[in-house]
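For reference, the chains in residue letters:
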Amino acid sequence: MTDDGATAAMRYKEIIALSRGSAENLRAWELQRAESIEAEIEEASNAIAVATEREERAAERATRWWKMALHNIQGLTWLPPGDHPRPVPTARAAYLERYLEEVKPSYQELVQAVLSLGWRAKRAAAKRGEQPPPV
């Protein structure tokens, strides 16, 4: 019985040591994973802040272009300005600069169209006895 008792006791101590080692390994892994998750959360928060700032700048830019376009057509009473620009949910963030760059040529085209209508607007205003719109 002494041999079996000593062997069982040694086996028990071995199992306890293995379970302690496993618990320590698990604890170390959990701490490392928690640090990794915290880093990912911080990185995501920074990305959200950058995207929010980029969105605000794009909205300001779009609003500025819209106001300039409205200013150009204010003398054309027959041309309703339409709704203010709204975000497009299907637009891709990666193409933001491309979208914004497409606005400038369109705006310039609008200005040229309004300028070419300038004589017509002046003539129509003169017929109505109004002050002609500034050109």
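The rules we used
- Throughout, a residue's number is its position along its own chain's written sequence, starting from 1.
- Given that this is a predicted model, residues contribute local features only at a pLDDT of at least 70 and side-chain atom pairs are listed and counted only at 80 or more, while totals for whole chains, interfaces and linings are drawn from all residues.
- Side-chain metrics rest on all non-hydrogen atoms present in the structure, leaving aside hydrogens and water.
- Going along the chain from the N terminus, every DSSP run of H or I of four or more residues is numbered as a helix, and every run of E of two or more is numbered as a strand.
- In this scheme, a residue with accessible area under 20% of its type's maximum is buried, one over 50% is exposed, and one in between is partly exposed, where area comes from a 1.4 Å probe on protein chains only.
- For this analysis, residues touch if any pair of their heavy atoms sits within 4.5 Å.
- Computed with the Shrake-Rupley method and a 1.4 Å probe, the accessible areas treat only the protein chains shown as cover for residues.
- The span one expects for a helix is its residue count, reduced by one, times 1.5 Å.
- Arc, as used here, means the arc of the directions from the helix axis to the C-beta atoms.
- pLDDT expresses, on a scale from 0 to 100, how confident the predictor is about each individual residue.
- Any carboxyl oxygen of Asp or Glu that lies within 4 Å of a side-chain nitrogen of Lys or Arg is treated as forming a salt bridge with it.
- Aromatic pairs are defined between Phe, Tyr and Trp rings, using the six-membered ring for Trp, whenever the two ring centres lie within 6.5 Å; interplanar angles under 30 degrees are classed as stacked, those over 60 as edge-to-face, and all others as tilted.
- A ring is considered to have a charge above it if a Lys NZ or an Arg CZ atom is located within 6 Å of its centre and within 35 degrees of its normal.

When helices and strands are counted, the protein shows three helices and zero strands. Across the protein, helices and strands are ordered from the amino to the carboxyl terminus as α-α-α. Within the span of the protein, comprising 135 residues, buried residues form 12% of the whole. Across the protein, every contact between residues at least 6 apart in sequence was considered, and the portion connecting residues at least 24 apart equals 56%. For the protein, the exposed surface amounts to about 11600 Å²; the carbon and sulfur share of it is 57%.

Another aspect to go through is helix 2 (residues 96-116). Helix length check: helix 2 (21 residues) gives 31 Å between terminal C-alpha atoms against 30 Å at 1.5 Å per residue, within 8%. Taken together, the buried positions of helix 2 are occupied by Leu96, Leu100, Tyr107, Val111 and Val114. The buried residues of helix 2 occupy one face: seen down the axis, they fall within an arc of 70°. Every exposed residue of helix 2 that faces more than 90 degrees away from the buried side is listed here: Arg98, Glu109 and Gln112.

Mean pLDDT over the protein stands at 85; residues scoring 70 or higher make up 83%. Per-element mean pLDDT across the protein ranges from 64 in helix 3 (residues 118-128) up to 91 in helix 1 (residues 2-73).

With that out of the way, let us pick up the pattern of salt bridges. This structure, assessed with the given rule, holds five salt bridges. Among the ionic pairs, Glu14 bridges to Arg11, the shortest N-O distance being 2.9 Å. In this pair, Glu14 and Arg11 are both assigned in helix 1, three residues apart and thus about one turn of the helix distant. For Glu14, a relative accessible area of 44% translates into the label partly exposed. Between Arg61 and Glu97 there is a salt bridge, with its nearest N and O atoms 3.8 Å apart. Taken together, the residues span a long stretch of sequence, with Arg61 in helix 1 and Glu97 in helix 2 at a distance of 36 residues.

Moving on, we get to the packing of aromatic side chains. Summed over the entire model, instances satisfying the criterion amount to two aromatic pairs. Look at Tyr95 and Tyr99: their rings are 6.2 Å apart centre to centre, the planes differ by 85°, and that puts the pair in the edge-to-face class. Over the ring of Tyr95 we find Arg98; its NZ or CZ atom is 4.5 Å from the centre of that ring.

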